[in-house]
Each structure stands twice: as structure tokens, then as C-alpha cells.
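Chain by chain, the residues:
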Amino acid sequence: MYKEQLFANEVMLMPYYIAALNIEHAYLELTSQYEPFEGLCFVDTLGLAEDSQLPMFSEANTERVENERKAQITVILGTAPLLNTTR
């Protein structure tokens, strides 16, 4: 499931790398082995409906986006946890 059925999208560079680290660390914690996460796409989720990636993106990223477009997806929506601001 980790390699074939899990996708994530991010349009900003720093959150992209943080997402990769978080997903890979969670996998490491569950399985006790490191495996790079290949389902993370540097793409605007709303832009996935367009037919082409901008040429500034790597071929590997473009391939991941194409794989995500072809996949049958169940969407899970969530928000970041709220910070506790009480003192």
C-alpha cells in the first residue's frame, strides 16, 4: 500500500520536504525499515486536472503525477492540528 496506493501533493517546497520526512518516518516507525516515499508529488492538487506538467519539474515528478492521475483514489481530507495557545 505504501508504494502503490498512497499519494500526497504539495505545492510549496518546504512543506513538500516536511511531508516526505513525516511520511517516511511514520513508515519507519511501523515497519522498522526505511523506505523512500515515492508517492509525493510537487504539484498543485487543483492543477492535476490539467494535461501537462510545467517543464521545470523533474521527469520523476511528472511520472508520479501521471501515476496519481491514473489511480483510482479514495480521498481523505484533514487539517493540521490546532496549536494550544492557552497559557
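The paragraphs below set out a description of the structure included in this document. Think of each chain on its own: its residues are numbered from 1, step by step along the sequence as written. Residue-level local features of this predicted model are given only where pLDDT is at least 70; pairs of side-chain atoms are given and counted only at 80 or more, and the full residue set underlies all totals for whole chains, interfaces and linings. Heavy atoms from the whole structure form the basis of all side-chain values; hydrogens and water molecules are not counted.

Time to look at the overall build of the protein chain. Tallying secondary structure elements over the protein chain gives two helices and two strands in all. Every helix listed is a DSSP run of H or I at least four residues long, and every strand listed is a run of E at least two residues long, numbered separately from the N terminus. The N-to-C order of helical and strand elements in the protein chain reads β-α-β-α. By residue count, 23% of the 87 residues in the protein chain fall in the buried class. Whether two residues are in contact is decided by their heavy atoms, any of which lying within 4.5 Å being enough. Expressed as a percentage of contacts within the protein chain between residues at least 6 apart in sequence, the contacts between residues at least 24 apart total 54%. In the structure as shown, the protein chain presents an accessible area of about 7,400 Å², 59% of it carried by carbon and sulfur atoms. Categorising residues by exposure relies on relative accessible area from a 1.4 Å probe, with only protein chains included: less than 20% of the type maximum marks a residue as buried, more than 50% marks it as exposed, and the intermediate range marks it as partly exposed. With residues, only the protein chains shown are counted as cover, and all accessible areas are computed by Shrake-Rupley using a 1.4 Å probe.

Core analysis: the largest hydrophobic core is formed by eight residues, namely Tyr2, Ala8, Tyr16, Ala20, Tyr27, Phe37, Leu40 and Phe42. When residues of this core are traced back to their parent elements, those giving at least two are helix H1 (13-31) and strand S2 (40-42). Examining the composition of this core, we find that three residues originate from one element, H1, more than from any other. Buried Ala, Val, Leu, Ile, Met, Phe, Trp, Tyr and Cys residues form a nonpolar core when they are joined through side-chain atoms within 4.5 Å.

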